[in-house]
Amino acid sequence: MSPSKHSANGDAGFSQQENSYVDSLSILNSEKAVQEIIQQPLIQGIEDHLIEFSEAMRTVAKALRRAAEGKASAQAEAAEWKRKYELERARNFQLERKAVSSGESNGDSSCGRVNCSSDPLIHCNQANEQSEVCCGKHGLCSHEVLQDRQPESDDIAQHRFMRKASFKLSWCCKGENSDQHNHDIVSFEMGNITTAERSSKQISLKWESQPQTVLILTKPNSASVRNLCGEMVRWLKDQKKLNIFVEPRVRDELSTESSYYDFVQTWQGDKEILLLHMKVDLVVTLGGDGTVLWAASMFKGPVPPIVPFSLGSLGFMTPFYSEHYKESLDSILQGPISITLRHRLQCHVIRDAAKNEYETEEPILVLNEVTIDRGISSFLTNLECYCDNSFVTCVQGDGLILSTTSGSTAYSLAAGGSMVHPQVPGILFTPICPHSLSFRPLILPEHVTLRVQVPFNSRSHAWASFDGKDRRRLAPGDALVCSMAPWPVPTACQGDSTSDFLRSIHDGLHWNLRKTQSFDGPREA
């Protein structure tokens, strides 16, 4: 081998070794660089980015919550203004009716004196028109409570031939009657705040003209109730000379039984049901609390006084016994009687697709409660709750109950809510199996507006039911708005509202029933 070739081969071998050494150094340097990048700087940067991202998400969540609260506030304010407008319109209509009736009575006074003997019906109508003019000084009169819309022209003529009985409400305290309703709650004298007499005393109803028309509502599918209804209808017609209204189903049953009951009246269609409160003076229910709920649901506005007879299983609102119906109805028709004004909730469903707060579904009135639950879904119910302009809480559990005080002994009681006297004005806020140990029921004042909304991030729909029926689905974005309705349900008392309430929880629930401690044990010295 020549020296040149040897040197060339040696240089080539040396260059290959040098290149391999450089490659190994570069690989080692790159691995170290990757390790350094992986260890500290990259992780620190990711953590910083995650922190910034989480803070940004919190800011977005707060902004969304403020927007939701602002929307809820605007919707509640709009609903309140709408309710005030409806009340003001009804009040103006009542004033117009007073002015018209007073003008007619003054203009026809001389004619009425001449034709009194020839037409007693006209004389009766004129007397009733005069009785509708209320001074407003003592208590409340019936036409101020039981009118909410102007009758159509075709109904005015019929309404003149079937006048409602007028009555007056007065407030009693400690067994003494007081015609003047006391509105003062507190007094402020010499820098001292003193509680005055409360306005929520026992309410007494006194007839100013005799009742003429009675509506009887019965529990279906009961032979004993059917027989009692026929007997009561016959007694009211023969002994009291009253006009009788019943449901179409009961009218068919009575007509099938005997042609004697052909005088019994009924209605056809929903339009006539809306006018029942202008014809009926008294409502008699034969059944349990469910029959009272059905009677209240028939009246979308003012409700005539209800006399509930107990023919069901549990009767928290049915203090009268059917065995003594003659004595009870005799006393009630003569008056005065003690009544309980049972407040109702007015509920509106607002869909997410609604353009404004006035695009709501038809309002629903409930006497017991409105329930929002998860239905058949296996997921927790997720509900955002607002009270006027304030965020209350987010309900995560089986659901939520918004109850009246009359419904405090129903579903709310089973869910852990308190029992409340029915004349206490308030709204019960009771969760159903909440997934929280600190979620306790609330009792809110009657003047608030509650809004329950299904958030968009909810895993499932919610379902709302009103007094156990009329079930509706609430999709994400839908809301339910509840406030106290302006039309309570007056139910007659056997004694007074407090004694009837205490007797109902003692007899129906055996409240605090236990054996008395024996007296012959150890005693304190």
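If you're wondering where the values come from, they're calculated on a predicted model, not measured in any experiment.

1. Quick look at the overall build of the protein
- A tally of helices and strands in the protein yields 13 helices and 24 strands.
- Burial statistics for the protein: of 525 residues in total, 41% are counted as buried.
- Counting contacts in the protein only where the partners sit at least 6 residues apart, residues at least 24 apart contribute 69% of the total.
- Total accessible area on the protein is roughly 29700 Å²; 54% of this is exposed by carbon and sulfur atoms.

2. With respect to the side chain of Asp 467
- One can find Asp 467 in the loop between β21 (462–466) and β22 (469–474).
- The buried charged residue Asp 467 lacks any salt bridge, with Lys 469 as its nearest oppositely charged partner at 5.0 Å.
- At 2.9 Å, the side chain of Asp 467 and the backbone nitrogen of Leu 367 are in polar contact.
- Discounting residues that sit within four places of it in the chain, Asp 467 has contacts with Leu 293, Leu 365, Val 366, Leu 367, Asn 368 and Glu 369.

3. A few points about the confidence of the model for the protein
- When the pLDDT values of the protein are averaged, the result is 78; 72% of them are 70 or greater.
- Across residues 1–10, where pLDDT falls below 50, the model places 2 contacts with residues more than four positions away in sequence or in other chains.
- Counting interchain partners and residues more than four positions distant, the pLDDT-below-50 stretch residues 12–22 has 0 contacts.

4. Regarding the pattern of salt bridges
- The full count for this structure, using the stated rule, is 9 salt bridges.
- For Arg 226, the salt bridge identified is with Glu 253, shortest N-O distance 3.5 Å. In this pair, Arg 226 sits in helix α7 (residues 223–240) while Glu 253 sits in helix α8 (residues 248–257), placing the two residues 27 residues apart along the sequence.
- Overlapping salt bridges bring together Arg 226, Glu 247, Arg 249 and Glu 253 as one network.

5. Quick word on the environment of Phe 320
- Among the structural elements, Phe 320 can be located in strand β11 (residues 320–321).
- Taking C-alpha positions, Phe 320 is 4.7 Å from Phe 309, a pair spaced 11 residues apart along the chain.
- In this view, Phe 320 contacts Val 307, Pro 308, Phe 309, Ser 310, Ser 328, Ile 332, Ala 492, Cys 493 and Gln 494; residues no more than four positions away in its chain are not counted.

6. What about the side chain of Thr 491?
- Within the secondary structure layout, Thr 491 lies in strand β24 (residues 489–492).
- A relative accessible area of 2% places Thr 491 in the buried class.
- Reaching out from Thr 491, the side chain makes a polar contact with the side chain of Arg 342 at a distance of 3.1 Å.
- With residues up to four places along the chain from it excluded, the contact list for Thr 491 reads Ile 306, Ser 338, Ile 339, Thr 340 and Arg 342.

7. Topic: helix α11 (residues 325–334)
- Inspection of α11 places Tyr 325, Ser 328, Leu 329, Ile 332 and Leu 333 among the buried residues, and these make up the whole buried set. Buried positions in α11, seen along its axis, are confined to an arc of 125 degrees and lie on one side of it. Turned more than 90 degrees off the buried face of α11, the exposed positions are Glu 327 and Gln 334.
- Just beyond α11, the residue with positive phi is Gly 335, at close to 70 degrees.

8. Details of α7
- Spanning 18 residues, α7 covers 25 Å between terminal C-alpha atoms, matching the ideal 26 Å at 1.5 Å per step.
- Where α7 is concerned, the buried positions are Val 225, Leu 228, Cys 229, Gly 230, Met 232, Val 233, Trp 235 and Leu 236.
- Considering only its buried residues, α7 is in contact with β7 (213–218), β8 (243–246), α8, β9 (282–287), β10 (306–310) and α11.
- In the segment just after α7, Lys 241 is the residue with positive phi, at about 55 degrees.

9. Side note on the pairing of β7
- Buried residues dominate β7, accounting for 6 of its 6 residues.
- Going residue by residue along β7, you find Thr 213, Leu 215 and Leu 217 tucked away on one face and Val 214, Ile 216 and Thr 218 tucked away on the opposite face as well.
- Pairing of β7 with β8 involves 4 bridges; the strand directions are parallel. Note that in β8 the partner of Val 214 across the bridge is Ile 244.

10. Side note on the packing of aromatic side chains
- Summed over the entire model, instances satisfying the criterion amount to 6 aromatic pairs.
- An angle of 80 degrees between the planes, with centres 5.3 Å apart, marks the rings of Tyr 260 and Tyr 261 as edge-to-face.
- Ring geometry for Tyr 386 against Phe 391: centres 5.4 Å apart, planes inclined by 65 degrees, an arrangement best described as edge-to-face.
- A relative accessible area of 3% means that Tyr 386 is categorised as buried.
- Judged by its relative accessible area of 26%, Phe 391 is partly exposed.

11. A word on the packing of α7 against α11
- Interaxial distance between α7 and α11 falls to 12 Å at its minimum, and their mutual angle equals 45 degrees. Taken together, the axes of α7 and α11 lie oblique to each other. Taken as a pair, α7 and α11 cross one another with a handedness that is right-handed. Taken together, the residues of α11 that come into contact with α7 (itself represented by Leu 228, Glu 231, Met 232, Trp 235, Leu 236 and Lys 240) are Tyr 325, Lys 326, Leu 329, Asp 330 and Leu 333.

12. Here we look at the environment of His 348
- Turning to its location among the elements, His 348 is positioned in strand β13 (residues 345–350).
- Note: C-alpha distance between His 348 and Thr 360 (12 residues apart in sequence) is 6.3 Å.
- Every residue in contact with His 348, bar those within four places of it in the chain, is listed here: Thr 360, Glu 361, Pro 363, Ala 479, Leu 480 and Val 481.

The rules we used
Residues numbered from 1 in each chain as written. Predicted model: local features only at pLDDT ≥ 70, side-chain atom pairs only at ≥ 80, totals over all residues. Heavy atoms only, no water. Helix = DSSP H or I, 4+ residues; strand = E, 2+ residues; numbered from the N terminus. Buried < 20%, exposed > 50% of the residue type's maximum accessible area, 1.4 Å probe, protein only. Contact = heavy atoms within 4.5 Å. Areas by Shrake-Rupley, 256 points an atom, 1.4 Å probe, with all protein chains shown as cover. Lys, Arg positive; Asp, Glu negative; His and termini not counted. Salt bridge = Lys/Arg side-chain N within 4 Å of Asp/Glu carboxyl O. Polar contact = N/O pair within 3.5 Å; in protein donor to acceptor, adjacent residues only side chain to side chain. pLDDT = per-residue confidence, 0-100. Arc of directions from axis to C-beta. Expected span 1.5 Å × (residues − 1). Pairing = 2+ DSSP bridges. Phe/Tyr/Trp six-rings, centres within 6.5 Å; stacked < 30°, edge-to-face > 60°. Axes fitted to C-alpha atoms, helices over the stretch in contact; angles between N-to-C directions. Parallel < 35°, antiparallel > 145°, perpendicular 65-115°, else oblique. Left-handed = near helix turned anticlockwise from the far one by under 90°.

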